[in-house]
Amino acid sequence: MTERFFAVNQVSFSKNDLPPEGAAHNKALHLTVKCEDYYVKWVMLDGGSGVDICPLSTLQRIEVGTGRIRPNNVCVRSFDGIKRDTLGEIDLVLTIGPVEFEITFQVLDMDMSYNFLLGRPWIHAAGAVPSTFHQMVKF
């Protein structure tokens, strides 16, 4: 069990990683990423989400054709607790920091407060460690 705490290659956060306001914030973790030659702000990281979500409005803004959406039978439960069918799924390449990731997003046609939501599928695939406290992600 102790090997989990004393790994040679480890990710850690320090007080120096805190945002300028320090610990006195209650912000969600948002990133800016590059997708399809567009910079996209308000990309939310949420370790509580079991899917990666792309709102249809984001695809339209970055001029990605809806013909790339593949049909599927996925139903998600949104933050308000309501079950919603997806329009399908789409693979997009996002550049996050210096690394490119091909991510399969579930596409929803509803108003959201973010442009993409990166949940556990991306977090785990990237080996990422998000910290809302430090307002950063390391991998």
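Refer to the structure printed above.
The text that follows walks through the structure, step by step, so that each part is easy to find. Predicted, not measured: the structure shown is a model, and the values here were computed from it.

### Things to note about the overall build of the protein chain
When you go through the protein chain residue by residue, the secondary structure sums to two helices and ten strands. Each helix and strand of the protein chain, placed in order from N terminus to C terminus, yields the pattern β-β-β-α-β-β-β-β-β-α-β-β. The dimensions of the protein chain, computed from C-alpha atoms along their principal axes, are 45 × 35 × 30 Å. The burial tally for the protein chain puts 37% of its 139 residues in the buried class. In the protein chain, the share of contacts with a sequence separation of at least 24, taken over all contacts with a separation of at least 6, comes to 59%.

### Comments concerning the nonpolar core
With 28 residues, the main nonpolar core has Leu59, Leu92, Leu94, Phe105, Phe116, Leu118 and Trp122 as its most contacted residues. The set of elements that each furnish at least two residues to this core consists of strand 1 (29–35), strand 2 (38–45), helix 1 (56–61), strand 6 (88–96), strand 7 (99–108), strand 8 (116–118) and helix 2 (120–126). Not counting chain neighbours up to four residues away, the residues in contact with Leu59 comprise Cys54, Val64, Ile69, Ile90, Leu92 and Val107. Counting residues in hydrophobic clusters, the runner-up holds six residues, among them Val76, Leu108, Tyr114 and Leu117.

### Points about the packing of aromatic side chains
Scanning the entire structure with this criterion turns up four aromatic pairs. Note on Phe101 and Trp122: the rings are 5.3 Å apart at their centroids and 85 degrees apart in plane angle, and the pair reads as edge-to-face. Of this pair, Phe101 sits in strand 7 while Trp122 is found in helix 2, placing the two residues 21 residues apart along the sequence. Overall, the relative accessible area of 3% leaves Trp122 in the buried class. Between Trp122 and Phe139, the aromatic rings sit 6.3 Å apart at their centres with planes inclined by 85 degrees, giving edge-to-face as the arrangement. Separated by 17 residues along the polypeptide, Trp122 in helix 2 and Phe139 in the segment after strand 10 (136–138) bring together distant segments of the chain. Overall, Phe139 belongs to the partly exposed group, its relative accessible area being 40%. Among the aromatic residues, ring-to-ring pairing joins Phe101, Trp122 and Phe139 into one connected group.

### Digging into the pattern of salt bridges
Close approach of charged atoms allows side chains with opposite charge to pair. Applying the stated criterion across every chain, the model contains five salt bridges. Ionic pairing is found between Arg70 and Glu89, a salt bridge with its closest N-O pair at 3.0 Å. With Arg70 in the loop between helix 1 and strand 4 (75–77) and Glu89 in strand 6, the pair connects residues that are 19 residues apart, well separated along the chain. With its nearest N and O atoms 3.1 Å apart, the salt bridge here joins Arg70 to Asp91. Within this pair, whereas Arg70 is found in the loop between helix 1 and strand 4, its partner Asp91 is found in strand 6, the two being separated by 21 residues in sequence. Classification of Arg70 by relative accessible area gives partly exposed; the value is 31%. The network of salt bridges with common partners includes Arg70, Glu89 and Asp91.

### Side note on the environment of Phe139
Sequence-wise, Phe139 and Val33 are 106 residues apart; in three dimensions their C-alpha atoms are separated by 15 Å. Excluding residues within four positions of it along the chain, Phe139 makes contact with Ile96, Val99, Phe101, Ala126, Gly127 and Ala128.

The rules behind these values
- Residues numbered from 1 in each chain as written.
- Predicted model: local features only at pLDDT ≥ 70, side-chain atom pairs only at ≥ 80, totals over all residues.
- Heavy atoms only, no water.
- Helix = DSSP H or I, 4+ residues; strand = E, 2+ residues; numbered from the N terminus.
- Buried < 20%, exposed > 50% of the residue type's maximum accessible area, 1.4 Å probe, protein only.
- Contact = heavy atoms within 4.5 Å.
- Core = buried A, V, L, I, M, F, W, Y, C linked by side-chain atoms within 4.5 Å.
- Phe/Tyr/Trp six-rings, centres within 6.5 Å; stacked < 30°, edge-to-face > 60°.
- Salt bridge = Lys/Arg side-chain N within 4 Å of Asp/Glu carboxyl O.

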